[in-house]
Amino acid sequence: VSLSLPPGTPVGAVWGHLPGPVRDVGLPDGARYALNHEWTLPGATLRDGDEVAVVLPVSGG
Amino acid sequence: MIALTPEPLDLPALLAAVADPEHGGTAAFLGSVRREGELREVVELRYEAYEELALSEMAAIVAEAQARFGARVAVAHRVGPAAVGEASVAVAASAGHRPAAFAACRYAVDELKSRAPIWKQTLHADGEASWIDGCLARHPAGAGR
């Protein structure tokens, strides 16, 4: 999903800008954030072209 | 060797990747898809990964295991469907002696399961599919910017 957000938007605010059907589910407990393929914290601010991932609880193996 | 692959896991390749003439002990672990026939029978698990981050997390785990235990470590994980009985995760670790090899192997698989952004969906014999509830992805607080 490509989003246009105000400069300085924190990573933690991205969920609130996702399409309604996703946003309405609510951010799952235990979600973590990655910015440009590295773990980050919700307060990290975004720059143009950044890629954010909301990483839900994992279940590999 | 760090791999995410839709192909069957190649344990001999992992063992070869950790071979070292100075290392006298090698431990290997395979995690396989369980049928769970006494509960609700499983046909296959379908793995999805956030590949870029999963590969970098797997690389970090391998580096940690190697540094902690003086080992050489290789890991591979399936993506896509894996049938009952097939391996979904494989780890090989070699070290000078067996305690470090066992410890490095265990560390790598335990950390991989709790940290790598990989998810699985169960396809049951009754045709229904369900996502497995995950554990919280741990990462060092303050990582990144």
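Above this text is the structure in question.
Computed from a predicted structure; not experimentally measured. (Residues numbered from 1 in each chain as written. Chains lettered and ligands numbered in written order. Predicted model: local features only at pLDDT ≥ 70, side-chain atom pairs only at ≥ 80, totals over all residues. Heavy atoms only, no water.)

Draft legend 1. Structural context of the interface of chain B and chain A. In this assembly, 28 residues from chain B lie in contact with 24 residues from chain A. Of the roughly 2,200 Å² buried where chain B meets chain A, counting both sides, 56% is carbon and sulfur surface. Seen at the junction of chain B and chain A, the total is 10 residue pairs in polar contact (both at pLDDT 80 or more). (Contact = heavy atoms within 4.5 Å. Buried area = accessible area lost by both parts, 1.4 Å probe. Polar contact = N/O pair within 3.5 Å; in protein donor to acceptor, adjacent residues only side chain to side chain.)

Draft legend 2. Molecular detail of the environment of E128 of chain B. Residues and elements named next belong to chain B. Checked against the element boundaries, E128 lands in the loop between β7 (118–124) and β8 (129–131). Of the residues examined, E128 reaches a relative accessible area of 46% and is grouped as partly exposed. Once the C-alpha coordinates of E128 and V42 are considered, the two residues, 86 residues apart in sequence, prove to be 9.8 Å apart. Ignoring anything within four residues of it in the chain, the contact list for E128 reads R40, T122 and L123. (Helix = DSSP H or I, 4+ residues; strand = E, 2+ residues; numbered from the N terminus. Buried < 20%, exposed > 50% of the residue type's maximum accessible area, 1.4 Å probe, protein only.)

Draft legend 3. How the structure looks around the pairing of strand β4 (residues 72–78) of chain B. Residues and elements named next belong to chain B. Within β4, 6 of the 7 residues are buried, leaving the element largely enclosed by the surrounding structure. Two strands pair when backbone bridges link them, and strand β1 (residues 2–5) and β4 are joined in this way by 4 bridges, in the parallel orientation. Pairing of I2 across the sheet is with V75, part of β4. In this structure, β4 lies alongside strand β6 (residues 87–95), joined through 6 bridges in antiparallel fashion. In the sheet register, R72 faces β6, and the bridge partner there is S94. (Pairing = 2+ DSSP bridges.)

Draft legend 4. View of helix α1 (residues 11–18) of chain B. Residues and elements named next belong to chain B. Looking at α1, one finds that the buried residues are L11, L14 and V18. Buried residues in α1, looked at end-on, bunch into an arc of 60°, giving them a common side. Looking at α1, the residues exposed on the side facing more than 90 degrees away from the buried face are P12 and A16. Looking at the packing, one finds that the buried side of α1 touches β2 (25–32), β4 and β6. (Arc of directions from axis to C-beta.)

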